[in-house]
Amino acid sequence: MTEHILVLGSNGQIGTELVTALRKAYGFNKVVACDIRRPDYDIKNAGPFEFVNVLDKENLKAVYEKYKPKQVYLLAALLSATGEQNPKLAWDLNMNGLLNVLDFSIEYRTQKVYWPSSIAVFGPSSPKNQTPQFCTMDPNTVYGISKLAGERWCEYYFQKFGLDVRSIRYPGIISWKAMPGGGTTDYAIHIFHDALKKKTYQSFLSAETDLPMMYMDDAIRGTIELMDAPAENIQIRSSYNFDGLSFNPEELAAEIRKHIPDFTLTYGDNDPRQAIANSWPKSIDDSYAEKDWNWSPKFDLQKITSEMLRNLGKG
Ligand code: AKB
């Protein structure tokens with residue numbers, strides 16, 4: 001085993017920022033960005049990069065063979081909204097991508113594996129407010145179904161093979177560096193782009209759709225804190241509930257108006273993402289994350305709004 005860390009799916013919204021954070025923590029050349037697509041930046045001058053398709057076992061094995069990674073982060077996935085447009089591909093990528101990574105991580109004795117789950121594992125029969133870690137789970141999107149099945153596989157590989165795999169159920173992640181990749185929570189990013197460009201935004205979710213959300217800086221810090229925690233503290237081997245804050249489009253618009261007073265928010269109708277949002281929790285109880293690895297978010301709605309507008313306003 002070498003000191004290398006692989007980030008599979010490194011060009012996405014989370015991967016882009018996770019690679020930077022891991023390189024800062026573990027060394028620039030130790031973190032290998034891997035994606036099926038060429039990144040926007042100049043590959044030659046930007047630290048190690050490999051073209052990897054997690055569904056292509058030969059290709060994936062060759063990267064494990066080359067780096068013998070001590071840690072692997074698997075972020076390649078189809079999200080809730082795009083998953084519904086292509087359910088079979090979403091299942092294949094989200095499920096077989098995970099199984100390939102779990103298998104090679106055992107074969108190459110990878111010390112730790114990170115795989116994100118999502119609030120999409122919950123469904124219409126799950127409690128809506130302060131949704132607990134353990135409760136009825138009946139996801140009705142292919143994304144949610146694949147994440148719930150993936151959680152069970154992660155726990156199975158931990159129990160059966162001793163693989164140290166760790167996971168978080170991400171809420172909607174709000175960030176400005178890279179665009180989100182086809183989720184139900186994406187309105188909470190698009191709204192900032194349009195507020196700055198056009199002073200108006202048409203939301204695909206209705207005014208009072210409360211959803212759990214988190215600022216990217218908190219999500220990255222939480223992910224690395226979970227991975228750095230002593231193994232004996234990690235009591236949940238499926239995936240941890242992980243909370244930042246909850247808000248709805250109307251509350252977000254009100255906060256944006258403190259900076260852009262003439263900002264207007266309108267609402268579309270009949271968007272299929274509304275039904276997905278309606279099936280998800282409004283807020284999350286993450287007391288296991290708090291207890292096991294001291295999780296505590298730092299960004300509230302005020303801070304997120306000013307950071308988003310400040311950073312996007314520069315560009
Ligand atoms: C999505 O909306 O699909 C994602 C998620 C909550 O996992 N952002």
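Residues numbered from 1 in each chain as written. Predicted model: local features only at pLDDT ≥ 70, side-chain atom pairs only at ≥ 80, totals over all residues. Heavy atoms only, no water.

### Side note on the overall build of the protein
- When helices and strands are counted, the protein shows 11 helices and 14 strands.
- Scaling as 2.2 N^0.38, a compact globule of 315 residues should have a C-alpha radius of gyration of about 20 Å, and the protein matches this with 19 Å.
- A burial count over the protein gives 56% of its 315 residues as buried.
- Look at the contacts in the protein between residues 6 or more apart in sequence, and 78% of them connect residues 24 or more apart.
- For the protein, the computed accessible surface area is about 13700 Å², with 50% contributed by carbon and sulfur atoms.
- Seen as two clouds, the 35 positive and the 39 negative side-chain charges of the protein have centres 5 Å apart. (Helix = DSSP H or I, 4+ residues; strand = E, 2+ residues; numbered from the N terminus. Rg over C-alpha atoms; globule rule 2.2 N^0.38 Å. Buried < 20%, exposed > 50% of the residue type's maximum accessible area, 1.4 Å probe, protein only. Contact = heavy atoms within 4.5 Å. Areas by Shrake-Rupley, 256 points an atom, 1.4 Å probe, with all protein chains shown as cover. Lys, Arg positive; Asp, Glu negative; His and termini not counted. Charge placed at Lys NZ, Arg CZ, Asp CG, Glu CD.)

### Some remarks on the confidence of the model for the protein
- With 98% of its residues at a pLDDT of 70 or more, the protein shows a mean pLDDT of 96.
- In the model output, the complex is listed with pTM 0.97 alongside ipTM 0.98. (pLDDT = per-residue confidence, 0-100.)

### Here we look at the pairing of strand 1 (residues 5-8)
- Every second residue of strand 1 is oriented toward a common face, with Ile-5 and Val-7 on one face and Leu-6 and Leu-8 on the other, all of them buried.
- Both strand 1 and strand 2 (residues 31-35) contribute to a ladder of four bridges, which runs parallel. Each bridged residue has a counterpart across the sheet, and for Leu-6 the counterpart in strand 2 is Val-32.
- In terms of handedness, the path from strand 1 via helix 1 (residues 13-26) over to strand 2 forms a crossover that is right-handed.
- Bridge count for strand 1 against strand 4 (residues 71-74) is four bridges, and the pairing is parallel. Bridging across to strand 4, Val-7 finds its partner in Tyr-73. (Pairing = 2+ DSSP bridges. Right-handed = clockwise from strand over helix to strand, strands pointing away.)

### Quick notes on the packing of helix 8 (residues 249-257) against helix 11 (residues 301-314)
- Interaxial distance between helix 8 and helix 11 falls to 10 Å at its minimum, and their mutual angle equals 60°. Viewed along their axes, helix 8 and helix 11 adopt a mutual orientation that is oblique. Here the hand of the crossing between helix 8 and helix 11 comes out right-handed. In this structure, helix 8 uses Glu-251, Leu-252, Glu-255 and Ile-256 to contact helix 11, whose residues at the interface are Leu-301, Gln-302 and Thr-305.
- When grouped by side-chain class, the residues that make up the contact of helix 8 with helix 11 number three nonpolar, two polar and two charged. (Axes fitted to C-alpha atoms, helices over the stretch in contact; angles between N-to-C directions. Parallel < 35°, antiparallel > 145°, perpendicular 65-115°, else oblique. Left-handed = near helix turned anticlockwise from the far one by under 90°. Nonpolar A, V, L, I, M, F, W, Y, C, P; charged D, E, K, R; others polar.)

### A word on the sheet that holds strand 3 (residues 49-51)
- Spatially, the six strands line up as an open sheet ordered 3-2-1-4-5-7, and their pairing is parallel. Both outer strands of the open sheet, strand 3 and strand 7 (165-166), are each paired with one neighbouring strand and no more.
- Of the strand pairs in this sheet, strand 4 and strand 5 (residues 112-114) are connected by three bridges, and their pairing is parallel. When the bridges of strand 5 are listed, Gln-71 appears paired with Lys-112.
- Each of strand 1, strand 4, strand 5 and strand 7 touches helix 4 (residues 87-107); the most contacted strand, strand 4, lies at about 175° to it.

### Quick word on the side chain of Arg-23
- Along the chain, Arg-23 falls in helix 1.
- An unpaired buried charge is present at Arg-23: no salt bridge exists, and Glu-50, the closest side chain of opposite charge, is 9.9 Å distant.
- Polar side-chain contacts of Arg-23 include one of 3.3 Å to the backbone oxygen of Phe-28.
- Apart from residues lying up to four places away in sequence, Arg-23 is in contact with Phe-28, Val-31, Ala-33, Ala-46, Gly-47 and Pro-48. (Salt bridge = Lys/Arg side-chain N within 4 Å of Asp/Glu carboxyl O. Polar contact = N/O pair within 3.5 Å; in protein donor to acceptor, adjacent residues only side chain to side chain.)

### Focus on the sheet that holds strand 8 (residues 168-170)
- Taken together, the three strands give an open sheet; going across it, the order is 6-8-12, and neighbouring strands pair in parallel fashion. Two strands close off the open sheet at either side, each with one partner strand: strand 6 (117-118) and strand 12 (240-241).
- Note: strand 6 against strand 8, two bridges, orientation parallel. By the bridge assignment for strand 8, Ser-117 is matched with Arg-169.

### Re the side chain of Ser-105
- Assignment of secondary structure puts Ser-105 in helix 4.
- Its relative accessible area of 1% is what places Ser-105 among the buried residues.
- Within polar-contact distance, the side chain of Ser-105 engages the backbone oxygen of Val-101 at 2.7 Å.

### Observations regarding the pattern of salt bridges
- Under the defined criterion, the tally for this structure stands at 18 salt bridges.
- Measuring nitrogen to oxygen at the nearest pair gives 2.6 Å for the salt bridge that ties Glu-107 to Lys-61. In this pair, Glu-107 is assigned in helix 4 and Lys-61 in helix 2 (residues 57-67), connecting sequence segments 46 residues apart.
- The class of Glu-107 is partly exposed, set by a relative accessible area of 47%.
- Through salt bridges with shared partners, a single network forms among Asp-164, Arg-166 and Arg-237.

### Section: the pairing of strand 11 (residues 211-215)
- For strand 11, the tally of buried residues reaches five of five residues, placing the bulk of the element in the interior.
- Neither face of strand 11 is exposed, since Leu-211, Met-213 and Tyr-215 on one face and Pro-212 and Met-214 on the opposite face are all buried.
- Strand direction decides the pairing type here: strand 9 (residues 172-174) and strand 11, joined by three bridges, are parallel. In the sheet register, Ile-174 faces strand 11, and the bridge partner there is Tyr-215.
- Taken together, the three bridges between strand 11 and strand 13 (residues 245-247) define a ladder with antiparallel strand orientation. Paired with Leu-211 across the two strands is Phe-247, which belongs to strand 13.

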